[in-house]
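# Reading the structure
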Amino acid sequence: MNNIVEPYIKTRKAGHRFGNRSSKRTDVLNQETIKVLKTLLPDSSNWEFKTEYKINCARGDDFTVDIAAFYKAQLRCIFLLKAVESSFNKNRHNYANTWIGETSRIFDGPAGANNLAVIFIDWVPFEVPAPTPTNPEKVETTKMTDMTLAETGWNNRLKNLFENTSVTYCKIQFDYNDLNPDNITGTEKLVNTLRGIIL
């Protein structure tokens, strides 16, 4: 489903225009993802989306999530997003640790609740630039970490704590092309998760 990669494409273009650390890049990723969510969530007309939404953190203070989705005014989904553009492999375990840590920040504290789906979405091309001082044109093939055990462990735990609550780690991979990315993988898991949300 090419539309699931559209948030990445537009975010990458925004990064080139405004800089990769610009809040405008984040805004584009959030808003374009919401467009996709509206096509996949059941009963889409009754959802409301809030970006950069603050929830209570298990460690104290607040935790800002990328998108909070409310169904008939009840928080039902939390989305945490990442669009990877370069140098993935040297950071891949840090990304995995972030997923696990952010899951803990939500479910080990007051933000955990019944009827809540927490969905992580990472867009990672099969190949990304990985420049070095001696080889500024270097390109690497991305090596994904296996999050199956962590995801299964969390969901087994959540079954004992809440009703109809889950965490899903989604990795969308593809051959990057500005106009028509292809060889897209990982979309089925995301689509099934969203369409399977029990209202």
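The structure reproduced in this document is the subject of the present report. (Residues numbered from 1 in each chain as written. Predicted model: local features only at pLDDT ≥ 70, side-chain atom pairs only at ≥ 80, totals over all residues. Heavy atoms only, no water.)

Next up on the list: empty space enclosed by the protein. Inspection of every chain in the model, using the stated rule, returns one cavity of 30 Å³ or more. Reported here for the largest cavity is a volume of approximately 70 Å³. Ranked by residues supplied to the lining of the largest cavity, first place goes to helix α3 (residues 92-107) with four residues. For the lining of the largest cavity, the per-class residue count stands at six nonpolar, one polar and three charged. (1 Å grid on protein atoms, 1.4 Å probe; cavity = no way out; pocket = protein on both sides within 12 Å on 5 of 7 lines; lining within 4 Å. Points joined across faces, edges and corners; volume = space filled by probe spheres on them. Helix = DSSP H or I, 4+ residues; strand = E, 2+ residues; numbered from the N terminus. Nonpolar A, V, L, I, M, F, W, Y, C, P; charged D, E, K, R; others polar.)

Its volume calculated, the second largest pocket comes out at about 160 Å³. Thr145, Asp146, Met147, Thr148, Glu151, Tyr169, Cys170, Lys171, Gly186 and Lys189 are the residues that line the second largest pocket. Secondary-structure elements contributing two or more residues to the lining of the second largest pocket are α4 (148-161) and β7 (166-175). If you tally residues by element for the lining of the second largest pocket, the top one is β7, at three residues. Per-class residue counts for the lining of the second largest pocket are three nonpolar, three polar and four charged.

Moving on: unusual backbone geometry. Within the chain, Lys72 stands out as a residue other than glycine whose phi angle is a positive 50 degrees. In this structure, Lys72 sits in the loop between β2 (62-71) and β3 (74-83). The exposed category is assigned to Lys72, whose relative accessible area is 55%. (Buried < 20%, exposed > 50% of the residue type's maximum accessible area, 1.4 Å probe, protein only.)

Further remarks concern the pattern of salt bridges. Once their charged atoms are close, side chains differing in charge can pair, the charge on each being opposite to the other. The final tally for this structure, using the stated rule, is six salt bridges. As a salt-bridge pair, Glu32 and Lys35 come within 3.1 Å of each other at their nearest N and O atoms. On the criterion of helical spacing, the pair formed by Glu32 and Lys35 is a turn pair, its members being three residues apart in helix α2 (residues 23-40). Under the relative-accessibility criterion, Glu32 is labelled buried at 12%. (Salt bridge = Lys/Arg side-chain N within 4 Å of Asp/Glu carboxyl O.)

Once that is clear, we can look at the packing of aromatic side chains. Counting across every chain of the model gives 10 aromatic pairs. Taken together, the ring pairs in this structure connect Tyr8, Phe174 and Tyr176 into an aromatic cluster. Directly above the ring of Phe70 sits Lys50, whose terminal nitrogen or CZ lies 4.9 Å from the centroid. (Phe/Tyr/Trp six-rings, centres within 6.5 Å; stacked < 30°, edge-to-face > 60°. Lys NZ or Arg CZ within 6 Å of the ring centre and 35° of its normal.)

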